[in-house]
Amino acid sequence: MTEENINDSERESLIYDVVIVGGGPAGLAAAIRLRQLSSEISVCVIEKGSEIGAHIVSGAVIEPRALAELLPDWQKQGAPLETPVTTEEMFYLTPTGQMRIPMLDKVMPYLANHGNYVVSLGALCRWLATQAEALCVDIFPGFAGADVIIEKNRVVGIRTGDMGIGRDGKHKPDFQPGVDLRAHYTLFAEGCRGSLTKKIIAHYGLNQGADPQTYGLGIKEVWEIPAENHRPGLVQHSFGWPMDDRTYGGAWLYHFGKNLVSYGFVVGLDYTNPWLSPFEEMQRVKLHPVFRRSLERGRRIAYGARALSEGGLQCIPRLTFPGGALIGDSAGFLNVPKIKGTHTAMKSGMLAAEAVADAYATQRVEPATFTDRVRHSWLWQELHAVRNIRPAFARFGMRAGALYAALDTMVFKGRAPWTLHFRHADHETLRAASLCQKPFYPKPDGTLTFDRLSSVFLSATHHEEDQPVHLCLKSSSLWKTVNWDVFKAPETRYCPAGVYEVLDEEKAPTLHINAQNCVHCKTCDIKDPTQNITWTVPEGGNGPNYPVGM
Amino acid sequence: MKILVPVKRVVDFNIKPRVKSDGSGVETAGLKMSMNPFDEIAVEEAVRLREKGIASEVVVVSIGVQQAQETLRTAMAMGADRALLVLSEESPEPLAVAKVLMKLVEKEQPHLVILGKQAIDDDMNATGQMLAGLLGWAQATFVSKIEIAENRARVHREIDGGLEELSLKLPAVITADLRLNEPRYATLPNIMKAKKKPIETLNAADLGVDMMPRLQILSVAEPANKKACVLVESVSELVEKLRNEAKVL
Ligand SMILES: Cc1cc2nc3c(=O)[nH]c(=O)nc-3n(C[C@H](O)[C@H](O)[C@H](O)COP(=O)(O)OP(=O)(O)OC[C@H]3O[C@@H](n4cnc5c(N)ncnc54)[C@H](O)[C@@H]3O)c2cc1C
Ligand code: SF4
C-alpha cells in the first residue's frame, strides 16, 4: 500500500471529491445518486475492463426495486430490461431424471420472480454509465485501481496501474506511470473479492467480528437458439445432480432477448473434493434432458466466469473507514438464496452515496452514517430474513440443508431466534486428493459441450503478453509441498480459463501460469489452500471483453 | 504543416465477431468498438511529427455514426488537436469515404494525409489509394518509416521480401503499416483534456457526396470448422486416406 510516498515527479494526479473504483451496478448507482444529491460533488468512476460491462458476468434475473428508486423513469429512459419473467421452474436433478419442485412460491418464496426481468447485466451497466455521464460523472474504462493511497491513516484516493512495464519489470518505450486519483472519499465497488478491497479490509481490520466470507464460482455461456424453441421469460434452476450432498451448487437457464439463452452453473467454493472441476460440471449438466432441450440446435456465442460472495449478513465487514466505504459485492451484499446481488449492490451504492454527501456537507472524514442507513433499509431486512439458509447448507449438506431452509422460511419466516455461522474460509475446506474420488467427466462433443480453451476464446480475453504476471505465486516450494503433493494441483481444475498448468509432472512438477488467459474471476485468490496465489490487476483494459449478452 | 488523419470505428480486434444467423452480415450489435488499429498507428505518427516540430496541427476525421465521436476522442487523447465528424449511414464504402476526404482536404488544406493501410473489419485496403487518385497526389502504401524534409517525405514501404525506399513530393497520401510505430497509451489527464477539444460535426450530404453503396453483399459465411485430427496407424492407411478421403492423390 502506498503510504505518504508520492514524490514521484513523473506521476500526475487528478483531484475529485469522490472516486469510485469499479463500474458495476454498485459503483454506477453510487455515482448517479451522488450527482443527484449534489451537483457540486465531482465524481469519477474507474473500471479495469476496456469498456463498462466488459468484465461483468451475471445471470441475470434482476429485481428492479433499487433501479426504480434510483431512476424512477427507467422504463421511459429505455433501460434494457426487456424480458419479464413469465415462467419459473426449479428442478431437483438425478443423473437421468428430474423432479420439479411444487409450490415454489411457498417453499422458496425468496425465489419468486414475479415482476422481475431477465437481463444482460453488462447491458444494464452500459446503460447506467450513459445515465451517469449525463449527470457529468467522469467514467474512465481501461484504468485499473492498482493501489490505495493512505495518508495519516486516511484513504485519500487510489493509484492506477502503470502501463508499459515488461515481463522483466523494466520500463518499455511506451511506459506510462499510473495516475493518482485523489479524493475526499473513495468508494470501493470492485465486486466480489476486490483486490484493493482486500487491502483495505486488512489495513483497517474491517472483518473483525464477521464470519469468514464464503464464495461461489459461476460459469456462464450465452446461446443463440432457433426462434421456435425460444420462450422469452422462462427461468429454470436446478440442484442435486451432479453435485454430491456436501457440495453447494446448481445450474440456471434463462430465455431472454432475441433468441438468447443464458445458461450457467454455480459451485460453492467451500467444496471439499480437490478433483472437482466446476468447468466440467457446468459442461456436463448441459447434457441433462432439462437443459439439453433448450440448447440443442443452438450455438454458443459467449463464455465467462466470475466468483460471487455467498456468505450474506454474517460475513459483511465493517463498511466504512476514514475516507471511504465498501459497497456492493465488495462488501458482500448478495442475497444467495435469491441468487441476486444486483439490486442489493445498487441499493448499497445509493445508501453510501447518501452517507458520503452527508459527510461531505458536514466535513466528516468517515461516511459513518452508511452503516445505519443500511441497517434501516429493506436491504438489511432482506438479508436478515435469509441469513441462515446458506450456512445451513454448509453445515447440514444439501438435502438436510434444503429441509432446514424450508423450515426456517415457512415456520419462522426468516425470524428464527438464532443465527447459524460459517466456520471455515473456503481455502481451508479441501481434503487430500488421495482421500477423494475423481468424478467422471465426459469428453466434450464440440456441439453441446466444449473444452476450456475454445471457451476462453469466446470470452475475447486479451492481455498484453509482455507485462509482469498478474497472478503472483508467493512460493513455488509451498506450491509443490501443498498444492501438488497433497491436493494434486486443484487450480488446474477450478480455474475456468485454463490459466494453471503443471509442467513435468513425472520428474519435477512445476506450476506454469498462462496469465494471458485469465478472465478475472478471482477464484484462485479465494480457493488456493495456502493463499499462496494473489490476484493483482494487470494493465488497465486487459482481461475479457464480454459482449452485451453477458 | 497540417496533417489529416482519418480514423474508423470498427469492432475491437479482440472480439471474435459472428455471422448473423441469416448470413446477411456480421453481428455488430452490442460488440465493443474501437479505433481501427492501423489508424491508431497513423494518429501516433502524426502526433510524433507534431511533437518533433515538423507538423503544426493534427486534425482527425471520422465518417460514420454519431458514436464515432468516441473514436475521435481517443485520437485526441493520444494528441490530435481537433476533430471532424462526418455523419453518414453505417459503414460507407471506400470510394464514398475517399470522396468525403477529398472534400475535407479542399476545406482543410493539409500537406499530408496519413491513413491506416486498411480497416480490420472489411479489409478493403482501398481508401488511401482512391483518395490519392482523386486528389492526384503522390502516394505511398504499407509504410513502416516516415522522414520529412524539404517538402518531401522519405518512406520505407513493406513489400514482399523486403523494404522499398521512396521519396515523395508533398502533399501526399501515406498509409500506415504495423511496424511504423507503437501507439502510446492515452493517459487519464490527456483523456480529460481531450474532452475539451473541439469536434466539428458535418453531414455527408452537405458535402455533396453521394454515399449510396455500389457494392452488394451476397452472403457472409463463417470459415468452416477445422476437422478433428486423426492418427493413422500405417503408411498404407495414410495413402488410402489421401486418395479416398482427401482426394489429393
Ligand atoms: C454467475 C453469476 C450469476 C449471477 N446471477 C444474478 C442474478 O440472476 N440476479 C442478480 O441480481 N444478481 C446476480 N448475480 C450477482 C450480481 O451479478 C452481483 O451481485 C453484482 O454484479 C455486484 O455488483 P458490484 O457492482 O458490486 O460488482 P461487479 O458487478 O462485480 O462490478 C465490479 C466492477 O468493478 C471492476 N473492478 C474490480 N476491481 C477493479 C479495480 N481494482 N480497478 C478498476 N475496476 C475494478 C470490475 O471489472 C467490475 O466491472 C450473479 C453473479 C454471478 C457471478
Ligand atoms: S487465474 Fe484465477 S482469476 Fe484468472 S481465471 Fe483462473 S481462477 Fe479466475
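Note: the structure precedes this text.
Criteria and cut-off values
Residues numbered from 1 in each chain as written. Chains lettered and ligands numbered in written order. Predicted model: local features only at pLDDT ≥ 70, side-chain atom pairs only at ≥ 80, totals over all residues. Heavy atoms only, no water. Helix = DSSP H or I, 4+ residues; strand = E, 2+ residues; numbered from the N terminus. Buried < 20%, exposed > 50% of the residue type's maximum accessible area, 1.4 Å probe, protein only. Contact = heavy atoms within 4.5 Å. Areas by Shrake-Rupley, 256 points an atom, 1.4 Å probe, with all protein chains shown as cover. Lys, Arg positive; Asp, Glu negative; His and termini not counted. Charge placed at Lys NZ, Arg CZ, Asp CG, Glu CD. Salt bridge = Lys/Arg side-chain N within 4 Å of Asp/Glu carboxyl O. Near = heavy atom within 4 Å. Polar contact = N/O pair within 3.5 Å; in protein donor to acceptor, adjacent residues only side chain to side chain. Nonpolar A, V, L, I, M, F, W, Y, C, P; charged D, E, K, R; others polar. Arc of directions from axis to C-beta. Patch = residues over 30% accessible without salt bridge, like charges linked within 9 Å, V, L, I, M, F, W, Y side chains within 5 Å.

A few words on the overall build of chain B. Per the secondary structure count, chain B includes 6 helices and 11 strands. Across its three principal directions, the C-alpha atoms of chain B cover 70 × 40 × 40 Å. Relative to its 249 residues, chain B shows a buried fraction of 44%. In chain B, of all internal contacts separated by at least 6 residues, the share reaching a separation of at least 24 is 70%. Accessible surface, chain B: about 13200 Å² in total, of which carbon and sulfur atoms supply 52%. Positive and negative side-chain charges of chain B, numbering 33 and 35 respectively, have mean locations separated by a distance of 3 Å.

Below, the discussion takes up the pattern of salt bridges. All names here are of chain B. Under the counting rule described, the total for this entry stands at 49 salt bridges over all chains. With its nearest N and O atoms 3.1 Å apart, the salt bridge here joins K32 to D12. Of this pair, K32 sits in the loop between β2 (9-11) and β3 (33-35) while D12 sits in the loop between β2 and β3; the two residues are 20 residues apart in sequence, bridging distant segments of the chain. The pair K32 / D12 is uniform in exposure class, with both members buried. Ionic contacts of the salt-bridge type, sharing partners, join the residues K2, E57, R82, K107, E108 and E200 into one network.

Before going further, it helps to spend a moment on the site of ligand 1. Residue and element names in this part refer to chain A. Neighbouring ligand 1 are 39 residues; E47, S58, V61, G145 and D329 lie closest to it. Note that a nitrogen atom of ligand 1 is positioned 3.0 Å from one of the backbone N or O atoms of K48. Separating a nitrogen atom of ligand 1 from a backbone N or O atom of I339 is a distance of 3.4 Å. Coverage of ligand 1 by the protein chains reaches 97% of its 1000 Å² of free accessible surface. Contributing elements (two or more residues each) for the shell around ligand 1: α1 (25-37), β3 (43-47), β4 (61-62), β17 (249-256), β19 (299-309) and α8 (342-361). Residues belonging to the shell around ligand 1 are distributed by class as follows: 20 nonpolar, 13 polar and 6 charged.

Okay, the side chain of A:H55 next. Residues and elements named next belong to chain A. On the secondary structure map, H55 appears in the loop between β3 and β4. Reaching out from H55, the side chain makes a polar contact with the backbone oxygen of P544 at a distance of 3.3 Å. Once residues within four sequence positions are removed from consideration, H55 is found in contact with E47, K48, G49, H520, N542, G543, P544 and Y546.

Attention now moves to helix α13 (residues 476-484) of chain A. Residue and element names in this part refer to chain A. Within the span of α13, buried status applies to W479, V482, N483 and W484. All buried residues of α13 fall inside an arc of 155 degrees around its axis, so they share one side. Contacts from the buried residues of α13 go to β22 (471-473), α14 (491-494), β23 (500-503) and β24 (510-513).

Right, let's talk about a nonpolar patch on the surface for a bit. A cluster of nonpolar side chains, contributed by B:V235, B:V239, B:V248 and B:L249, occupies part of the molecular surface with about 380 Å² of accessible area. Considering the arrangement of structural elements, one finds B:L249 in the segment after α6 (235-244).

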